[in-house]
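Below are the chains, spelled out letter by letter.
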Amino acid sequence: MTHQTMDQHLARTAQPALANSINSINSKNPPGARASAPPALRVPPVPRAVRLARAERRRWVARMRRRAARYRDVSRTAAEAGMSTAEYAVGTIAACGFAAVLYKIVTSGPVRSALTGVIVKALHVPF
């Protein structure tokens, strides 16, 4: 029950009770006599269906919060996960193979003479 409908319900149920209590007070007390305070208004209890719906909503919210926390933990660990030992071994072997190929290319005759020519030319530039 929403706040508006609850307020409307209380207004409907409280008006007859208030009118009855005022009539009973006026009939018991003579005019000019001091009237006692009207009895406190009784607030009707919340219906069982409303209590059950609220409890179900609390359980659903708690379940969604737990699920969100679980997904946060899973995504955090997946983002922080690195390579395993086998991946390190394969990566190291690939890097060593690439370095060996580069070493062979750089130390070959044509590349060595080209690099030597570039260095000699750079050192003999007139200023």
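Just so it is clear, the model here is predicted, and its values are computed rather than measured.

1. Focus: the overall build of the chain
In terms of helices and strands, the chain carries four helices and zero strands. Put simply, the chain runs from its N terminus to its C terminus through helices and strands in the order α-α-α-α. The buried share among the 127 residues of the chain stands at 3%.

2. Some remarks on a nonpolar patch on the surface
On the surface, Phe98, Val101, Leu102, Ile105, Val106 and Leu115 cluster together into a nonpolar patch covering about 550 Å² of accessible area. When residues in the nonpolar patch are grouped by element, the largest group, five residues, is from helix α3 (residues 85-106). Relative to the assigned elements, isoleucine 105 resides in helix α3.

3. Let's talk about the pattern of salt bridges
With the rule as written, the count across this model stands at one salt bridge. Arginine 59 is the salt-bridge partner of glutamate 56, the closest N and O atoms lying 2.9 Å from each other. Taken together, the residues glutamate 56 and arginine 59, both in helix α2 (residues 48-80) and three residues apart, mark about one turn of the helix. Taking relative accessible area as the criterion, arginine 59 reaches 47% and is therefore assigned partly exposed.

4. Digging into a positive patch on the surface
Taken together, Arg63, Arg66, Arg67 and Arg70 make up a surface patch of like positive charges. Examined against the element boundaries, arginine 63 turns out to sit in helix α2.

The rules behind the values
Residues numbered from 1 in each chain as written. Predicted model: local features only at pLDDT ≥ 70, side-chain atom pairs only at ≥ 80, totals over all residues. Heavy atoms only, no water. Helix = DSSP H or I, 4+ residues; strand = E, 2+ residues; numbered from the N terminus. Buried < 20%, exposed > 50% of the residue type's maximum accessible area, 1.4 Å probe, protein only. Patch = residues over 30% accessible without salt bridge, like charges linked within 9 Å, V, L, I, M, F, W, Y side chains within 5 Å. Areas by Shrake-Rupley, 256 points an atom, 1.4 Å probe, with all protein chains shown as cover. Salt bridge = Lys/Arg side-chain N within 4 Å of Asp/Glu carboxyl O. Lys, Arg positive; Asp, Glu negative; His and termini not counted. Charge placed at Lys NZ, Arg CZ, Asp CG, Glu CD.

Everything listed is a geometric property; what it means functionally is a separate question.
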